[in-house]
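Structural overview
Next come the chains, spelled out residue by residue.
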Amino acid sequence: MATDTKGMNTDSKTFCIMPWVQINLSLPNTYNPCCNSGIPYDNTTANDTSIKDAFAGTKASQLRNQLNDGEKPAICDVCWVKEDAGVFSERQGYNKQFKNYFHIDKPTLKYLDIEFDNRCNLQCVMCSQHNSDQIWKTVDKFREKELPLPTTLKRHTRHKNYYSIEKKQYAKDVLTDGIDILKVTGGEPFLSKDFLEILDFAIEKDLAKGLELNVTTNGTKFSKTILEKMKQFKHVKLTISIDGTGEVYEYIRHPFSWEQLDKRLLKIKQYSWVDVELSCVIQAYNWLNLDQLVNYSDYYVNFDFKLSPPGCELSPEFLPDHILDLGLERFRATGHRQVEDMENFVAYHKANRLSNNQLERKNDLLYETTINYDTVRNTSYKTLDPVLVKWLNSLKI
């Protein structure tokens, strides 16, 4: 068990509240500082370490001290990259959101973020088989047709063990001890039997009334029965992943239909006690559709610049200037809170362009990935924004 050498240093330019109050138990069994970090703590897994022990462990303590001392450890690169580009990072957002915890003088687990498994019903184009078991179907089709895998689908293995027994017991122990927030992602949480068991546990043990429940979902599988059950929690927030409108949504979030999602978003308005936020992963396919997503709903839309792996061909950073400028112009007209983020993102990537040869390779790879996805999914990129389609047509190899 580690001992932190200092208290919280909120004046540090790299300080982050999350390692002091939260931990993420990810897929299949790793512990991360938060769900945004793509780098887990070394040698700390659910097969031999409980949530409480991981939070109090040497690696978490080391990270707290590094952030206190103004260092920028690689495990938090997702935030440093955004901040270097002038984009508001998760670190900055969490420090603002959880300022009420700044008085804590020692690490105290208040917030558990957990992923039970990767069971899902969608095969989103920017996702991987790590987060959706359905994407193995896509991978199999790529291999059957002897097509190269997109960057997002490389370097993943089939996991048969998601440490279900351990995760559930660890989560029950933490809930019993008392925390403020339980966040669940996936996969699709509403398809996870383990998540539903934890819901029932919190209710049966009379813990739900003091617990805020945050669920990141694709919005396709919640039911009236589950929503009514969730009403017993202190507060419920659903973050619904939606990466475009109309045909853009359908192209990205295969194979669900926009009409079906639209009906479900209307239905959830009946549950006034549920706080809803929409979340969109920005990518080449939706860059020219972001304004329409803002204007579509009165729900707030949070735009996420994080694609995995960083620098993959789907990133909008490799789009040509005229498309970057058009997307920014359209988005600026919405008056959305993240307009400045978009402006800084465009300015940064224009100023830090790859060489012409490197950029050409990225664009060719995007075209190849797009055509191959269309081949295995029987879709067509020509349903996307006409300006993007015209540019993609010009890339034909």
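Figured I'd write up the structure that's included with this text. Within any chain, residue numbers begin from 1 and follow the written order of that chain's sequence. Two thresholds apply to this predicted model, a pLDDT of at least 70 for residue-level local features and 80 or more for giving and counting side-chain atom pairs, whereas whole-chain, interface and lining totals are computed over all residues. Water and hydrogen atoms play no part in the side-chain values, which are based on all heavy atoms of the structure.

1. Considerations on the packing of aromatic side chains
The test is simple: Pairing of aromatic side chains here covers Phe, Tyr and the six-membered ring of Trp, requires ring centres within 6.5 Å, and sorts the geometry by plane angle: under 30 degrees stacked, over 60 edge-to-face, intermediate tilted. Working definition: helices are DSSP H or I runs of at least four residues, strands are E runs of at least two. Numbering for both runs from the N terminus. Per-residue accessibility, obtained with a 1.4 Å probe over protein chains only, is compared with the maximum for each type, and a residue is labelled buried under 20%, exposed over 50%, and partly exposed between these values. Geometrically, a charge over a ring is one whose NZ (Lys) or CZ (Arg) sits within 6 Å of the ring centre while staying within 35 degrees of the ring normal.
Counted by the stated rule, this structure contains 15 aromatic pairs. Ring centres 5.4 Å apart and planes at 90° place the aromatic pair F142 and Y373 in the edge-to-face group. Residue F142 is located in helix α6 (residues 135-144), and its partner Y373 is located in helix α15 (residues 356-377); the two are separated by 231 residues in the primary sequence. The exposure class assigned to Y373 is buried, which follows from its relative accessible area of 2%. Taken together through their ring pairs, the aromatic side chains of Y94, F98, Y101 and Y111 make up a single cluster. One Lys or Arg, K269, reaches over the ring of Y299 and ends 4.2 Å from the middle of that ring.

2. As for the pattern of salt bridges
Where we set the bar: For salt bridges, the criterion is a side-chain nitrogen of Lys or Arg within 4 Å of an Asp or Glu carboxyl oxygen.
In the structure shown here, the tally under the stated rule is 20 salt bridges. Of the charged contacts in the structure, one is a salt bridge between D177 and K52, with a shortest N-O distance of 2.9 Å. With D177 in helix α7 (residues 164-177) and K52 in helix α2 (residues 51-55), this residue pair connects regions lying 125 residues apart in the sequence. Residue D177 is classed as exposed on the basis of its relative accessible area, which comes to 52%.

3. Describing the pairing of strand β8 (residues 300-304)
Filter applied, for reference: By the convention used here, strands pair only if DSSP detects at least 2 bridges between them. Clockwise travel from the first strand over the helix to the second, with the strands pointing away from the viewer, marks a crossover as right-handed.
In terms of strand pairing, strand β7 (residues 274-281) meets β8 through five bridges, oriented parallel. Opposite C280, over in β8, you have F303 as the bridge partner. In terms of handedness, the path from β7 via helix α12 (residues 290-296) over to β8 forms a crossover that is right-handed.

4. Some thoughts on the packing of helix α4 (residues 77-84) against helix α5 (residues 90-97)
Applied cut-off: Think of each axis as a best-fit line through the C-alpha atoms, taken over the contacting stretch in the case of a helix, with angles from 0 to 180 degrees between the N-to-C directions. In what follows, roughly perpendicular refers to angles from 65 to 115 degrees, roughly parallel to angles under 35, roughly antiparallel to angles over 145, and oblique to any angle outside these ranges. Here, two residues are considered to be in contact whenever any of their heavy atoms come within 4.5 Å of each other. Amino acid classes used here: Ala, Val, Leu, Ile, Met, Phe, Trp, Tyr, Cys and Pro are nonpolar; Asp, Glu, Lys and Arg are charged; the rest, including Gly, are polar.
Two elements in contact, α4 and α5, have axes separated by 8 Å at closest approach and are oriented at 100°. The orientation of α4 with respect to α5, classified from their angle, is roughly perpendicular. Of the residues in α5, those in contact with C79, W80, K82 and E83 of α4 are E90, R91 and Q92. Among the residues making up the contact of α4 with α5, the classes are represented as two nonpolar, one polar and four charged.

5. Examining the sheet that holds strand β6 (residues 235-241)
If you trace the eight strands from one edge of the open sheet to the other, you get β2-β1-β3-β4-β5-β6-β7-β8, paired in mixed fashion. Where the open sheet ends on each side, the last strands, each with one partner, are β2 (31-32) and β8. With two bridges joining them, strand β1 (residues 22-25) and β2 adopt antiparallel strand pairing. Bridged to L25 within β2 is Y31.

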